[in-house]
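The residues making up each chain are set out below.
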Amino acid sequence: ELGDPIASHEQVGRQIVLGPEIAPILRSDWGVSPERVAAIIDPAGHQLPTADRILRGLLSGPLDIDKLDYLPRDARACSVPYGGVDTSRLLASLIFATLPAESAPRIAVDAKGVSPLHSLINARQEMFDNVYWHHTNRACMAMLLRAVQDAMRAEAITATELTGNDDASLLALMHRFRMPETTRRLANGLQRREIHKRAVEISARASDLYPRLGALFHEPERRRTVELGMTRRLESILGESLPDETILIDIPKPERWRTDVWVWFERPPVGFRRLMPWREVVGLGDDDFKRFEEHRRLIRIIAAAPYRDTVTRHWEALLLPELGGVL
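Residues numbered from 1 in each chain as written. Predicted model: local features only at pLDDT ≥ 70, side-chain atom pairs only at ≥ 80, totals over all residues. Heavy atoms only, no water.

**Here's the deal with the overall build of the protein chain**
Right, so step 1: Helices and strands together make up the secondary structure of the protein chain, namely 16 helices and seven strands.
Right, so step 2: Overall, the C-alpha framework of the protein chain stretches about 75 × 50 × 35 Å when taken along its three principal axes.
Right, so step 3: Of all intrachain contacts in the protein chain linking residues separated by at least 6 positions in sequence, the fraction that spans at least 24 positions is 65%.
Right, so step 4: Accessible area for the protein chain stands at about 17600 Å²; split by element, carbon and sulfur atoms hold 52% of it. (Helix = DSSP H or I, 4+ residues; strand = E, 2+ residues; numbered from the N terminus. Contact = heavy atoms within 4.5 Å. Areas by Shrake-Rupley, 256 points an atom, 1.4 Å probe, with all protein chains shown as cover.)

So, in structure tokens, the structure goes:
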């Protein structure tokens, strides 16, 4: 979520596939071109041939195998009754279809896939609403982002170093002696489960404030400046010095809701065509799911636990001047 120069997971996947551990296995044992696999994972602006476009759609698309895997798996790991997908029925409904305006086939579903595709989209909504956007999960993310950001600004860690770590090794890395104190303190907080607390939640109905804060997602340096300014203002209110990371702003990544799947009917109902977009079949589309996201995706001001109540009381005096005055 910090953006450039940190590589996306697709770019990292390309590097791994073309690297010395995987590429020889693909080439020698499987007779598969590593370059072709890498391009399916990360096309990097290149036009893929028809077969590879279909394969990429299975990896990253409205009904890709990634969602079929992580949604029910995350639900089980978190012990929540969400994320249910009728996977077997959805897979059994997959077919090839060629649209009238296209010459190449694409993956579609038959009539039996309409409902399980809806269950996949609903599962994703439910998991974002109850797990991925949960205030504790997002507080941990905000702490981790700031810890990494400060480490990179201090040149104590590089973007390349980040991609080779898992959770445990990254936390260990952020404890190294050369790390800035903010990074070390935030890493300690994550390890000890001393998580920042939500002080204020801002919804999309705050029509002036929400978009101005939301824009900071794409400006991580500006967001950090606002966080530091709020902390300095809190110091003035309390009359004491505070750690730089006392106040953080959590801005969840804007999600893309894609429903561009086609449905084939062997015997279409009256009023339907043999081949129709799923959104026309069910009367729902990307804009409907985007509206759901905008109403449920909250932006939060979070604070170290001892200062949460004070931040809640004074949040406007802390935040608004940092955004350029009264809204």
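**Focus on the sheet that holds strand β6 (residues 275–277)**
Right, so step 1: An order of β1-β2-β5-β6 is seen for the four strands of this open sheet, with the pairing classed as mixed. What marks the edges here is a single partner per strand, and that holds for β1 (94–97) and β6. The sheet shows a mean angle of 45° between the axes of neighbouring strands, taken without regard to direction. (Pairing = 2+ DSSP bridges. Axes fitted to C-alpha atoms, helices over the stretch in contact; angles between N-to-C directions.)

**Structural notes on helix α7 (residues 114–132)**
An α-helical segment advances 3.6 residues per turn. Residues three or four places apart therefore align on the same side.
Right, so step 1: For α7, with 19 residues, the first-to-last C-alpha span of 26 Å sits near the 27 Å given by 1.5 Å per residue.
Right, so step 2: Those residues of α7 that sit buried are Val114, Pro116, Leu117, Leu120, Ile121, Ala123, Arg124, Gln125, Met127, Phe128, Val131 and Tyr132. (Expected span 1.5 Å × (residues − 1). Buried < 20%, exposed > 50% of the residue type's maximum accessible area, 1.4 Å probe, protein only.)

**Observations regarding the layout of surface pockets**
Right, so step 1: There is about 580 Å³ of room inside the second largest pocket.
Right, so step 2: At the level of secondary structure, the elements contributing two or more residues to the lining of the second largest pocket comprise α4 (50–59) and β2 (106–110).
Right, so step 3: For the lining of the second largest pocket, the residue count by class is 10 nonpolar, six polar and six charged. (1 Å grid on protein atoms, 1.4 Å probe; cavity = no way out; pocket = protein on both sides within 12 Å on 5 of 7 lines; lining within 4 Å. Points joined across faces, edges and corners; volume = space filled by probe spheres on them. Nonpolar A, V, L, I, M, F, W, Y, C, P; charged D, E, K, R; others polar.)

**Thoughts on the packing of aromatic side chains**
Right, so step 1: Counting across every chain of the model gives four aromatic pairs.
Right, so step 2: With 5.0 Å between their ring centres and 50° between their planes, Phe128 and Trp133 make a pair best called tilted. Both residues of the pair, Phe128 and Trp133, count as buried.
Right, so step 3: Members of the aromatic cluster, joined through ring pairs, are Tyr70, Phe128, Tyr132 and Trp133. (Phe/Tyr/Trp six-rings, centres within 6.5 Å; stacked < 30°, edge-to-face > 60°.)

**With respect to the sheet that holds strand β3 (residues 197–202)**
Right, so step 1: Strand order in the open sheet made by the three strands is β3-β7-β4, with antiparallel pairing throughout. Only two strands of the sheet have a single neighbouring strand rather than two, namely β3 and β4 (247–250). On average, each strand axis in the sheet is tilted by 25° relative to the strand beside it, whichever way the strands run.
Right, so step 2: Summarising the sheet, β4 and strand β7 (residues 299–303) pair through four bridges and their orientation is antiparallel. Residue pairing for β7: Ile249 is matched across the bridge by Ile301.
Right, so step 3: Here helix α13 (residues 220–238) sits on the sheet and contacts β4 and β7; the angle it forms with β4, its principal contact strand, is near 145°.

**Some points on the environment of Pro5**
Right, so step 1: Its place among the elements puts Pro5 in the segment before α1 (9–18).
Right, so step 2: Spatially, the C-alpha atoms of Pro5 and Phe265 are 46 Å apart, while their sequence positions differ by 260 residues.
Right, so step 3: With near-sequence residues (within four places) excluded, Pro5 lies in contact with Met152 and Ala159.

Interpretation in functional terms is not warranted from these geometric data alone.
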